[in-house]
Number of protein chains: 2
Amino acid sequence: MKAIIMAGGSGTRLWPLSRSKCPKQFLRLNGMEKSIFQLTMLRCLCFCGIDDIYIVTNKDYRFLISGQIEELGYQAPEENILLEPVGRNTLPAIYYGVKAIQKKGDDVTAVFSSDHLIGEQDKFVSYIKSGEKLAENYLITFGMKPTFPETGYGYIKPGEKLETGCKVAEFKEKPDFETAEKYVDEGYLWNCGIFMFRTDVFEGEVKRLAPEVYEAFKADTVEECFSRVPKISVDYGVMEKSDKVAVIGLDVPWNDLGSFASFYDEYESNKDDKGNVTFGDDILINAENNLIYSEGKKAIAAIGVKDLVVVDQDDALLICHKDETQLVKEAVDELKKRNDQRAFFHRTEYRPWGSFTILEEVGGYKIKRLTVLPGKKLSYQMHYHRSEHWIVVNGTANVTIDGTERLVKSGESIFVEAGQKHRLENPGKLLLEVIEVQSGAYLGEDDIVRFQDDFNRI
Amino acid sequence: MKAIIMAGGSGTRLWPLSRSKCPKQFLRLNGMEKSIFQLTMLRCLCFCGIDDIYIVTNKDYRFLISGQIEELGYQAPEENILLEPVGRNTLPAIYYGVKAIQKKGDDVTAVFSSDHLIGEQDKFVSYIKSGEKLAENYLITFGMKPTFPETGYGYIKPGEKLETGCKVAEFKEKPDFETAEKYVDEGYLWNCGIFMFRTDVFEGEVKRLAPEVYEAFKADTVEECFSRVPKISVDYGVMEKSDKVAVIGLDVPWNDLGSFASFYDEYESNKDDKGNVTFGDDILINAENNLIYSEGKKAIAAIGVKDLVVVDQDDALLICHKDETQLVKEAVDELKKRNDQRAFFHRTEYRPWGSFTILEEVGGYKIKRLTVLPGKKLSYQMHYHRSEHWIVVNGTANVTIDGTERLVKSGESIFVEAGQKHRLENPGKLLLEVIEVQSGAYLGEDDIVRFQDDFNRI
């Protein structure tokens, strides 16, 4: 069996948690040890090997993906990370994965989003495995058993029963509340965007039902394919038109984290008796049904407020009424229009060697905290316009300057002049933490010359 | 003429702008060059000399006051800074000032709060001066001309006309809205807590009307006076009972910054067409009548919210409905109960030599930015448990370590080991900015040995 993971979404509706260069699928929410993408990988690894997983994404996330897979202790084959030159919705994304799989031969393939939280993993995996035989002849869509009459999802009406699952009688658009109540009563399922099919069966249906996609992918290069292919969803382009569609019901906890409203629902267990979800020891006075997501470092008081989403980060703050979370996207669009970096990046960025956090950035200097994982190192590099002081505050660093190595212990520091080649390495078994103070007339990240082909390091 | 400035208030209702160790009167709001206390000093200096100004405060604010006066280019006589051992409301505070003035002889004295914003300084000063003759025989209360039927203030009904001002016919408690409307129509004035009297006339009335205060102040020490004296306001204890009370109307812009509601009113000119007051380029979508006060460094989006007060600081965040700002005090009380330092201190603290800001404080290290004014120096000091790296990022430092001086220029650094005596000085003409990285097992501010009597430095 094969798996396709769609990991190209930019998660705009969860700003400022999600930033376009590191969207929600790569986040470790609320202190989780794994990102949502990593959890999706681990689910797939329950029914196939690392070489059987194909990830469709874009170039911005390439190193995030390889880094996060490496953290899981795996090495993804380079040809399995499929970079869309441009987003064209789900049908081209999935078909790109299908074409890559076909190079090694047709197979039954499951398709997942990388940004859904799914509970009860064993049960979920057995649902997926149960579809393998059905997938020989059907395009399967998995349908989630509704927990309430949600108006934000499409519904699937199950039809004639099959050995496993049912034929799909009908796909229903997002309903109004009354209709949704009827759907739930009548056993309809949420269309949750999880699919399974044989690649050859799927390709046959694409050829028949979405020939413009089929034809576009005959081009020689990926760039050409994507420049020709229209924007089209797999539901609209194939599933809703095909007569070979079956549905298998899923009954596991599921959250697509589609907005802060669903985020609020996810943390039911954090709710106090007034319906407030908080993540620190915030002070709440006359406050009801608020979501207050913070990093727990700040004194937060919420007084006389109701139904608010408050997300506080070091460099960004969102205050939004719970009924208007769909407008968060507009705020991000405005930031992008201003070329405000806080639409794109977090204060902390993750790298294969660890992470760095910008603590302060003002005229003439910049302060970063570098955290280097045991045994990892940064690239050998040089800056023309800035000097750097490195102060080791935890662990021991092996620092190379112009070819000379030196150990720098906790409490010690070392100075790197502009123009000196330098490298930072953690030779130890514990985390290395270094405070870097940069001074110079120009402190842009692009003043860097690297002396190795390790462009995924800073 | 003399002046008494009451500067002991803790400004709880403006948390997190105001912290109990540095309350609103000492803040430079919205990038003002001077603090509200400094503006009050400058107003007094328009009609009397620095030696004629008496400041009643408590020991927490002693060095804030002398530092802020020094910044204005003045030196306050030590005996003019009167430290209340404990707060006992306005009558004991004012009478403490009166007793101090009387040591040099009786005089006409004006009394001000240190935390009111007052516009049109020249006009205001001429109002004050106009009372000098009247004060020979009357206790004067200045009454502010109302701009709207405020229900949060007491009102003064003017009576029989005098050469200057009028006799007070009656003091009125805080009214309901309808009554307030009537008061405004009938020419009543706001009781705004600005007074003027001859010290001997005032003392006579205290003796007659509040004999327990008069008696308490016969004790030998300030501590004893304040342990005996009851909590009592000057209005209740003297003004409302005396038959020698006159009122002079004031017609100048005035704001007591009594809560975030009055704070919102103060920034009328920052309002957008939806009534939002902001201080940065915040993104507002479907947002009305909000006050968003930030330091302008963060990306802030407010969506679908109305009538909120949002105050965002590096270490604290308040989100409060505008009708419930009186509850901010409760939040501060809760923080104090938790002994949370963010009730007491700001991230940035001001010292006579400049200021320091805590940028990061986590296990094993602490990062501060020190800003040293030209010509100023910190105390000569030593720490047992921490080493310090000083990285000069702007200006030039003169650093003394164990008796040896050295100039450290921008981009350079110096290391101070635990146990070494050290001093930082700005010998130059420009601001000196230093990043200090402390490492050690114990980083408390109390690990410090000072080698001079300059305890107002860190």
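Residues numbered from 1 in each chain as written. Chains lettered and ligands numbered in written order. Predicted model: local features only at pLDDT ≥ 70, side-chain atom pairs only at ≥ 80, totals over all residues. Heavy atoms only, no water.

Undergrad: Would you mind showing me how to read the overall build of chain A here?
TA: Helix and strand counts for chain A come out as 11 helices and 28 strands. The C-alpha atoms of chain A give a radius of gyration of 24 Å, which matches the 23 Å a tight globule of 458 residues would have. Seen through its C-alpha atoms, chain A measures out along the principal axes to roughly 75 × 60 × 40 Å. Looking at chain A residue by residue over its 458 residues, the buried ones come to 59%. Long-range contacts, defined here as pairs at least 24 residues apart, represent 69% of the contacts in chain A between residues at least 6 apart. With an accessible surface of roughly 19,100 Å², chain A has 46% of that area assigned to carbon and sulfur atoms. Averaged over its 58 positive side-chain charges, chain A has a centre that lies 3 Å from the centre of its 74 negative ones. (Helix = DSSP H or I, 4+ residues; strand = E, 2+ residues; numbered from the N terminus. Rg over C-alpha atoms; globule rule 2.2 N^0.38 Å. Buried < 20%, exposed > 50% of the residue type's maximum accessible area, 1.4 Å probe, protein only. Contact = heavy atoms within 4.5 Å. Areas by Shrake-Rupley, 256 points an atom, 1.4 Å probe, with all protein chains shown as cover. Lys, Arg positive; Asp, Glu negative; His and termini not counted. Charge placed at Lys NZ, Arg CZ, Asp CG, Glu CD.)

Undergrad: Just checking my understanding: could you explain the packing of helix α1 (residues 36-44) of chain A against helix α2 (residues 62-71) of chain A for this structure?
TA: To describe two helices that pack against each other, one gives the angle between their axes and the distance between the axes. Residue and element names in this part refer to chain A. With their axes 10 Å apart at the nearest point, α1 and α2 run at an angle of 60° to one another. If you check the angle between α1 and α2, you find them oblique. Note that α1 runs across α2; the crossing there is right-handed. Facing α1, whose interface residues are Phe 37, Gln 38 and Met 41, α2 presents Ile 65, Gln 68, Ile 69 and Glu 71. Split into classes, the residues belonging to the contact of α1 with α2 amount to 4 nonpolar, 2 polar and 1 charged. (Axes fitted to C-alpha atoms, helices over the stretch in contact; angles between N-to-C directions. Parallel < 35°, antiparallel > 145°, perpendicular 65-115°, else oblique. Left-handed = near helix turned anticlockwise from the far one by under 90°. Nonpolar A, V, L, I, M, F, W, Y, C, P; charged D, E, K, R; others polar.)

Undergrad: Could you clarify how one ought to interpret the interface of chain A and chain B in this entry?
TA: One widely used convention gives an interface's size as the accessible area the parts lose upon coming together. With 56 residues of chain A at the contact, the number on the chain B side is 56 residues. Taking both sides of the interface into account, the surface hidden between chain A and chain B amounts to around 4,400 Å²; carbon and sulfur atoms contribute 63%. Summed over the three residues of chain A that lose the most area to chain B, namely Ala 299, Ile 303 and Ile 319 of chain A, the buried surface amounts to 15% of that side. There are 6 salt bridges connecting chain A and chain B. (Buried area = accessible area lost by both parts, 1.4 Å probe. Salt bridge = Lys/Arg side-chain N within 4 Å of Asp/Glu carboxyl O.)

Undergrad: Hey, could you run me through the pairing of strand β17 (residues 316-321) of chain A in this one?
TA: Successive side chains on a regular strand alternate, one facing one side of the sheet and the next facing the other. All names here are of chain A. Among the 6 residues in β17, 6 count as buried, and that is most of the element. Because side chains alternate across β17, one face comprises the buried residues Ala 316, Leu 318 and Cys 320, and the other comprises Leu 317, Ile 319 and His 321, equally buried. Here strand β16 (residues 308-312) pairs with β17 via 5 bridges, running antiparallel. Bridged to Leu 308 within β17 is His 321. In textbook terms, the turn of a hairpin is the stretch between consecutive antiparallel strands, and for β16 and β17 this stretch comprises 3 residues. (Pairing = 2+ DSSP bridges.)

Undergrad: Help me understand the relation of the copies chain A and chain B in this model?
TA: Copy one and copy two of the chain differ by a rotation about an axis and a translation along that axis. Of the transformation placing chain A onto chain B, the axial shift is 0.0 Å and the rotation is 180°, giving an RMSD of 0.1 Å. The two molecules are tied by a two-fold rotation axis, judged by turn and shift. Among all residues of chain A, the minimum C-alpha distance to the rotation axis is found for Leu 359 of chain A, at 3.5 Å. Take the interface residues of chain A: 100% of them recur as interface residues in chain B, which is what a same-surface contact looks like. (Least-squares fit on C-alpha atoms with pLDDT ≥ 70 in both.)

Undergrad: Would you take a moment to explain the packing of helix α3 (residues 90-102) of chain B against helix α6 (residues 199-209) of chain B for this structure?
TA: Residues and elements named next belong to chain B. Running from amino to carboxyl end, α3 crosses α6 at an angle of 135°, the nearest separation of the two axes being 10 Å. Between α3 and α6, the interaxial angle falls into the category oblique. For the element pair α3 and α6, the recorded crossing hand is left-handed. Contacts from Leu 91, Ile 94, Tyr 95, Val 98, Lys 99, Ile 101 and Gln 102 of α3 reach α6 at Thr 199, Asp 200, Phe 202, Glu 203 and Val 206. Considering only residue class, the contact of α3 with α6 consists of 7 nonpolar, 2 polar and 3 charged.

Undergrad: Is there a simple way to think about unusual backbone geometry in this case?
TA: Trans peptide bonds make up most of the peptide bonds, and negative phi angles are found at most residues other than glycine. Residue and element names in this part refer to chain A. In the segment running from Trp 15 into Pro 16, the intervening peptide bond is cis, with an omega of 5°. You can see Pro 16 is positioned in the loop between β1 (2-6) and α1. Residues other than glycine seldom take positive phi values, yet Asn 89 does so here, at roughly 75°. Take Asn 89: it is sitting in the loop between β3 (81-83) and α3 (90-102). By relative accessible area, Asn 89 is classed as partly exposed at 42%. Even without being a glycine, Asp 402 presents a positive backbone phi close to 45°. In this structure, Asp 402 sits in the loop between β23 (397-401) and β24 (404-408). On the accessibility criterion, Asp 402 (46% relative accessible area) is partly exposed.

Undergrad: What am I meant to see in the side chain of Lys 366 of chain B here?
TA: Residues and elements named next belong to chain B. Looking at where Lys 366 falls in the secondary structure, it is placed in strand β20 (residues 365-372). Side-chain polar atoms of Lys 366 contact the side chain of Glu 445, separated by 3.3 Å. What Lys 366 contacts, discounting residues up to four positions off in sequence, is Ile 358, Glu 360, Glu 361, Glu 436, Val 437, Gln 438, Leu 443 and Glu 445. (Polar contact = N/O pair within 3.5 Å; in protein donor to acceptor, adjacent residues only side chain to side chain.)

Undergrad: Hey, could you run me through the environment of Tyr 155 of chain A in this one?
TA: Residues and elements named next belong to chain A. Topologically, Tyr 155 is positioned in strand β7 (residues 155-161). What makes Tyr 155 buried here is its relative accessible area of 0%. Tyr 155 sits 37 residues away from Cys 192 along the chain, and the two C-alpha atoms are 8.8 Å apart. Side-chain polar atoms of Tyr 155 contact the backbone oxygen of Glu 150, separated by 2.7 Å. A distance of 3.1 Å separates the side chain of Tyr 155 from the side chain of Trp 190, its partner in a polar contact.

Undergrad: What exactly am I supposed to notice about the packing of aromatic side chains here?
TA: The geometry of an aromatic ring pair comes down to the distance between the two centres and the angle between the two planes. Summed over all chains, the structure comprises 42 aromatic pairs over all chains. Summarising the aromatic geometry, the rings of Phe 263 of chain A and Tyr 293 of chain A are spaced 5.3 Å apart at their centres and angled 75° between planes, so their arrangement reads as edge-to-face. Taken as a pair, Phe 263 of chain A in helix α10 (residues 260-266) and Tyr 293 of chain A in strand β14 (residues 291-293) lie far apart in primary sequence, 30 residues in all. Each of the two residues, Phe 263 of chain A as well as Tyr 293 of chain A, counts as buried. It is Arg 28 of chain B that lies over the ring of Tyr 350 of chain B; its NZ or CZ is 5.2 Å from the centre. Positioned over the ring face of Phe 451 of chain B is Lys 421 of chain B, at 4.6 Å from the centre of the ring. (Phe/Tyr/Trp six-rings, centres within 6.5 Å; stacked < 30°, edge-to-face > 60°. Lys NZ or Arg CZ within 6 Å of the ring centre and 35° of its normal.)

Undergrad: Help me understand the confidence of the model for chain A in this model?
TA: Caution applies to low-pLDDT regions: their predicted coordinates should not be interpreted in detail. Residues and elements named next belong to chain A. A residue-level look at chain A finds 98% of positions with pLDDT of 70 or above and a mean pLDDT of 94. Every residue in residues 453-458 is under pLDDT 50, and counting partners more than four places away or in other chains gives 19 contacts. Per the prediction output, this complex has pTM 0.89; the corresponding ipTM is 0.89. (pLDDT = per-residue confidence, 0-100.)

Undergrad: Just to check I follow, could you spell out the sheet that holds strand β22 (residues 386-394) of chain B for this structure?
TA: Each strand in a sheet pairs with its neighbour through backbone hydrogen bonds, running either in the same direction (parallel) or in the opposite one (antiparallel). Residues and elements named next belong to chain B. Read from one edge to the other, the open sheet built from 6 strands follows the order β18-β19-β20-β27-β22-β25, with strand pairing classed as antiparallel. The strands lining the two open edges of the sheet, one partner per strand, are β18 (348-351) and β25 (413-416). Neighbour-to-neighbour, the strand axes of this sheet turn through a mean angle of 20°, independent of strand direction. Where β20 lies against strand β27 (residues 432-440), 8 bridges are found, and the strand directions are antiparallel. Bridge pairing links Lys 368 to Glu 436 in β27.

Undergrad: For this particular structure, what's the right way to read α3 of chain B?
TA: Residue and element names in this part refer to chain B. If you check α3, its first and last C-alpha atoms are 18 Å apart, about what 13 residues at 1.5 Å a residue would give, namely 18 Å. Along α3, 11 of the 13 residues are buried, which leaves the element largely enclosed by surrounding structure. Along α3, the positions that sit buried rather than exposed are Leu 91, Pro 92, Ala 93, Ile 94, Tyr 95, Tyr 96, Gly 97, Val 98, Ala 100, Ile 101 and Gln 102. (Expected span 1.5 Å × (residues − 1).)

Undergrad: Looking at this structure, I do not really get a negative patch on the surface. What am I missing?
TA: A cluster of acidic residues, Asp 176, Glu 178, Glu 181, Asp 185 and Glu 186 of chain A, forms a negative patch at the surface. With respect to the helices, strands and loops of the structure, Asp 185 of chain A is situated in helix α5 (residues 177-185). (Patch = residues over 30% accessible without salt bridge, like charges linked within 9 Å, V, L, I, M, F, W, Y side chains within 5 Å.)

Undergrad: Would you take a moment to explain the environment of Phe 260 of chain B for this structure?
TA: All names here are of chain B. Tracing the backbone through its elements, the reader meets Phe 260 in helix α10 (residues 260-266). A relative accessible area of 0% means that Phe 260 is categorised as buried. Separated by 245 residues in sequence, Phe 260 and Trp 15 have C-alpha atoms that sit 9.2 Å apart. Those residues in contact with Phe 260 that lie beyond four places of it in its chain are Arg 13, Leu 14, Trp 15, Leu 17, Leu 291, Val 309, Val 311, Leu 318, Thr 325 and Val 328.

Undergrad: Any chance you could explain the sheet that holds strand β20 (residues 365-372) of chain A here in plain terms?
TA: Residues and elements named next belong to chain A. On the basis of which strands lie adjacent, the open sheet formed by 6 strands has the order β18-β19-β20-β27-β22-β25 and antiparallel pairing. Each of the sheet's edge strands pairs with one partner strand only, and the pair in question is β18 (348-351) and β25 (413-416). Ignoring which end each strand starts from, the neighbouring axes of this sheet average 20° apart. Pairing analysis gives 8 bridges linking strand β19 (residues 354-362) to β20, with the strands arranged antiparallel. Across the sheet, Phe 356 pairs through a bridge with Leu 370, a residue of β20.

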